[in-house]
There are 2 protein chains.
Amino acid sequence: MARTTSAGGRKSGPVTLALVAQRAGVSTQTVSNALNSPELLAPATLKRVRQALDELDYRPHQAARSLRTRSSRLIGYGVQPTPPGLSTPVSDHFLHALSDSADQAGYRILLFASLLGADDEAERYDELLREHSVDGFVLNNTYRGDKRPAWLHKKGVPFVAFGRWSAKDTGDWVDVDGAHGTAAAVDQLVAAGHRKIAFLGWPRGSGVGDDRAGGWREAMRRHDLPVRDLRVSSVDEVDAARTAVARVVGRATAVVAASDTLALGCYRALRDAGLSPGRDVAVVGFDDSPAARLLSPSLSSLRQPLDEVGRACTRILMARIKDPDAAPERVLLAPELIVRESSSAESHP
Amino acid sequence: MARTTSAGGRKSGPVTLALVAQRAGVSTQTVSNALNSPELLAPATLKRVRQALDELDYRPHQAARSLRTRSSRLIGYGVQPTPPGLSTPVSDHFLHALSDSADQAGYRILLFASLLGADDEAERYDELLREHSVDGFVLNNTYRGDKRPAWLHKKGVPFVAFGRWSAKDTGDWVDVDGAHGTAAAVDQLVAAGHRKIAFLGWPRGSGVGDDRAGGWREAMRRHDLPVRDLRVSSVDEVDAARTAVARVVGRATAVVAASDTLALGCYRALRDAGLSPGRDVAVVGFDDSPAARLLSPSLSSLRQPLDEVGRACTRILMARIKDPDAAPERVLLAPELIVRESSSAESHP
DNA sequence: AGGTGAATTTTGATCGATCCAAATCATGAG
DNA sequence: CTCATGATTTGGATCGATCAAAATTCACCT
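Residues numbered from 1 in each chain as written. Chains lettered and ligands numbered in written order. Predicted model: local features only at pLDDT ≥ 70, side-chain atom pairs only at ≥ 80, totals over all residues. Heavy atoms only, no water.

**Student:** What should I look at first to understand the protein's contact with DNA strand D in this one?
**Tutor:** Residues in contact with DNA strand D amount to 25 residues; listed here are only the nearest, Thr45 and Arg70 of chain A together with Leu17, Gln29 and Tyr58 of chain B. Sugar and phosphate atoms constitute 65% of the interface atoms of DNA strand D, taking the interface as everything within 4 Å of the protein. Arginine 68 of chain A places a side-chain nitrogen or oxygen 3.0 Å from a base oxygen of DNA strand D. Here a base nitrogen of DNA strand D sits 3.4 Å away from a polar atom, N or O, in the main chain of alanine 64 of chain B. (Near = heavy atom within 4 Å. Polar contact = N/O pair within 3.5 Å; in protein donor to acceptor, adjacent residues only side chain to side chain.)

Given below as structure tokens:
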């Protein structure tokens, strides 16, 4: 008899507040209150309304609600065109955590295509705001000199950045403590007997990169180990890593890389030099990409707590939407070192 | 003077149709027509209205529009919690292509968390529909026995599936021709001199897996090559691939894998057996994950045209929304074989 | 001059929920 | 029994756009 899972659909048509009200014998306002301020209703009425709500399986019309309350309950998130070859193992997991936690707070994620760094990038954000399509933003892949945070801040738009380098003093952010991660990697390598530990990273200037390099440097100093000439930078993952590693070979017994991609370039370079990663030279990556577990030797890596990052972003953004003038919140989460074959063997003297 | 980039903001406040109308000296309806049916206006009026529109930098209030037109201009897309370890290099690129092309069609993507295969999964979709939050859906990660397509079809909800195995006869879909891909891999290996080419895939039963296996089989037969005992299945990427490859070692000089992950497991297994991937045994993967390019030897792989898939999804969904009763559309796109070191060397007899 | 139909513009209602303020009800004190 | 007081409930306006239909203007013909 019933065509759908919902009950009581004799004559179909939209289930509106008015319909529920009619069925419960009250006014629409009362039904609205049952949903939004149940404490205002007399217990008996509340019960009756709730039953009608239930029987009709009512769901509020978002556009109507949004029009009246001037809040879309949507959060904007711009997806960038992943540059081919550059892996961003981040987004997938992060997006799920983000939308899952947002869902629980009654919000949803609105995806839009954004051209990172394009001149008219702000235009895309502005448009969404003027259209009242979103209540706030989550920014990802922020970079030094990123204009978005300052711009949003000035306009008084709620937002959270995943990445602290652009919004350091401008607003709320959540980030992963890269320095803590690379330091942990050094600690583990030292414990395994390594003393000459090189760092393979990107050219100075990027927030994330310098952060990760800084952690390595700090840990090396803490262990009274030499740092000179052990830091190598490269942009292209394959070629540059190769020449870079060549410079280090013989000088180091372990390499901490700023990303799994660089670590892979390192594997390659070592093999080309006739060395065996993991056996001759220990390697630790960053990001714990899916491949890390499967490589031979499997790659030790620092796993970012993306679930937590996502949840934190939601939590903070919700707070900011509720109270735009509250003190900004900053959250720094530590990555977890996953030790695998590439760094677990004892070092060779 | 001007605080924002927009011009003429003396007294701020929301820029509505009414405001534009007042400035242009016409009725709101006329402004609305200027936007939605400009051909109805007299040229002179149109010009005047457009100027006002421009000066005020008007953007329609989406909720208001949505309420009246009963269309949210949003497309639902459920993100699944990526099972840890299982890589889905798909989503990132695909999502960008999808939201980019949707944007161009005046639509945006609404992300929501969905628990794949959960009992109440349909509930999540139903809720979005009842709320009028979306006009349609893009399904991803469909699987055999997936109930969503049939359910959506029955309700008359516009949708497109990325993956043909669940919606074969139920609705529109876009998919990548896995068989074509593996066949191309076989062709290339044969051209390089290989005759004993094994297939490493998942257990029978999954649409994608059987499709890819089918392409290998077809190509082998076409080349008059033996197929018997050369097909190996495994679920876990590392361990099972290892034992599976062990069974093939000596029998085959090349392996076509159903995924890069399996190919990686294969690398590992070969090394454990004292063999060198690429040199002793050629390997071809599927998906062209970021790691493929960086492995040593770099991994030949089949790249899915995710940009095109995304664009096709949008195009088809738009057509379906416009005309719910049109004949269903199905698009099958060929993956591109990227030949790298792992399969380019001549085979050893 | 009057009329006709097409072109152009305007009026008024409407989508569905929530705001605000007013109306009704219940309770107990005087 | 009346009135004040607070607890519940309701009426009407409103958010900003679009729909449907009516009103106005215009060009052109007889």
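**Student:** What's the story with unusual backbone geometry in this structure? I'm lost.
**Tutor:** Trans is the prevailing form of peptide bonds, just as negative phi is the prevailing case for residues other than glycine. Residue and element names in this part refer to chain A. Residue proline 297 follows serine 296 across a cis peptide bond; omega there is -5°. Along the polypeptide, proline 297 turns up in the loop between β9 (282-286) and β10 (300-303). Positive phi is not limited to glycine here, since aspartate 57 has a value of about 50°. By the element assignment, aspartate 57 lies in the loop between α3 (43-56) and α4 (62-69). Classification of aspartate 57 as buried rests on a relative accessible area of 17%. (Helix = DSSP H or I, 4+ residues; strand = E, 2+ residues; numbered from the N terminus. Buried < 20%, exposed > 50% of the residue type's maximum accessible area, 1.4 Å probe, protein only.)

**Student:** So what exactly am I meant to see when it comes to the protein's contact with DNA strand C here?
**Tutor:** In the vicinity of DNA strand C lie 24 residues, with Leu17, Gln29 and Tyr58 of chain A together with Thr45 and Arg70 of chain B positioned nearest. Backbone atoms, meaning sugar plus phosphate, form 63% of the atoms of DNA strand C positioned within 4 Å of the protein. Separating a phosphate oxygen of DNA strand C from a side-chain N or O atom of arginine 65 of chain A is a distance of 3.4 Å. Between DNA strand C and arginine 68 of chain A, the relevant distance is 2.8 Å, taken from a base oxygen to a side-chain nitrogen or oxygen of the residue. Contributions of two or more residues to the surface near DNA strand C are made by α2 (28-36) and α4 of chain A together with α2 (28-36) and α4 (62-69) of chain B.

**Student:** Even after reading the chapter, I still don't get the interface of chain A and chain B, so can you show me in this structure?
**Tutor:** Frequently, the measure chosen for interface size is the accessible area that the parts lose on association. Listed as interface residues are 59 residues of chain A and, on the opposing side, 59 residues of chain B. For the pair chain A and chain B, the two sides together bury roughly 5,600 Å², of which 54% comes from carbon and sulfur. For the interface between chain A and chain B, the tally reads 12 salt bridges. With a closest N to O distance of 3.9 Å, glutamate 127 of chain B and arginine 59 of chain A form a salt bridge. For the pair chain A and chain B, the interface holds 22 residue pairs in polar contact (both at pLDDT 80 or more). (Contact = heavy atoms within 4.5 Å. Buried area = accessible area lost by both parts, 1.4 Å probe. Salt bridge = Lys/Arg side-chain N within 4 Å of Asp/Glu carboxyl O.)

**Student:** When you look at the pairing of strand β1 (residues 74-79) of chain B in this model, what are you seeing that I'm missing?
**Tutor:** Regular strands place their side chains on alternate faces of the sheet. Residues and elements named next belong to chain B. For β1, the buried fraction is high: 6 of the 6 residues fall into the buried class. The alternating pattern of β1 places Leu74, Gly76 and Gly78 and Ile75, Tyr77 and Val79 on opposite faces, both of which are buried. The pairing of β1 with strand β3 (residues 136-139) spans 3 bridges and is classified as parallel. Within β3, the position partnered with tyrosine 77 by the bridge is valine 138. (Pairing = 2+ DSSP bridges.)

**Student:** Looking at this structure, how should I read the relation of the copies chain A and chain B?
**Tutor:** What relates the pair of chain copies is a rotation about an axis plus a shift along that axis. Of the two same-sequence chains, chain A is brought onto chain B (RMSD 0.0 Å, axial shift 0.0 Å) by a rotation of 180°. Classification of the inter-copy transformation places it as that of a two-fold axis. Residue by residue, 98% of the interface of chain A is reproduced at the interface of chain B, so both copies engage with the same surface. (Least-squares fit on C-alpha atoms with pLDDT ≥ 70 in both.)

**Student:** Even after reading the chapter, I still don't get helix α9 (residues 207-222) of chain B, so can you show me in this structure?
**Tutor:** One turn of an α-helix holds 3.6 residues; hence residues three or four places apart share an orientation. All names here are of chain B. The end-to-end C-alpha separation of α9 is 22 Å, in line with the 22 Å expected for 16 residues at 1.5 Å each. Where α9 is concerned, the buried positions are Gly207, Gly209, Asp211, Arg212, Ala213, Gly215, Trp216, Ala219 and Met220. On its buried face, α9 sits against β5 (172-176), α8 (178-191), β6 (197-201), β7 (231-233) and β9 (282-286). Two residues or fewer past α9, aspartate 224 is found with a positive phi of approximately 60°. (Expected span 1.5 Å × (residues − 1).)

**Student:** Would you explain the nonpolar core in this entry?
**Tutor:** Taken as a class, soluble globular proteins show a tendency for nonpolar side chains to be buried jointly. Leu200 of chain A together with Leu200 of chain B are the most contacted members of the largest nonpolar core, which has 88 residues in total. Residues within four places of leucine 200 of chain B in sequence aside, it is in contact with Val232, Ala241, Ala244, Val245, Val255, Val256, Ala257, Ala258, Leu262 and Cys266 of chain B. In terms of nonpolar packing, the next biggest core, distinct from the first, is built from 48 residues, Ile75, Tyr77 and Val309 of chain A together with Tyr107 of chain B among them. (Core = buried A, V, L, I, M, F, W, Y, C linked by side-chain atoms within 4.5 Å.)

**Student:** How do you make sense of the sheet that holds strand β1 (residues 74-79) of chain A when you look at a structure like this?
**Tutor:** One key point about sheets: their strands pair by backbone hydrogen bonds, in either a parallel or an antiparallel sense. Across the sheet, which stays open at both edges, the 12 strands sit in the order β11(A)-β5(A)-β4(A)-β3(A)-β1(A)-β2(A)-β2(B)-β1(B)-β3(B)-β4(B)-β5(B)-β11(B) with mixed pairing between neighbours. With partners counted over all chains shown, the strands left at the sheet margins are β11 (330-333) of chain A together with β11 (330-333) of chain B, one partner each. Averaged over neighbouring strand pairs, the angle between their axes works out to 20° when direction is ignored. Relative to strand β2 (residues 108-113) of chain B, β1 of chain B runs parallel, the two sharing 6 bridges. Counted as the bridge partner of glycine 78 of chain B is phenylalanine 112 of chain B from β2 of chain B. Its contacts with the sheet put helix α6 (residues 121-130) of chain B on β2 (108-113) of chain A together with β2 and β3 of chain B, and the angle it makes with β2 of chain B is roughly 140°. (Axes fitted to C-alpha atoms, helices over the stretch in contact; angles between N-to-C directions.)

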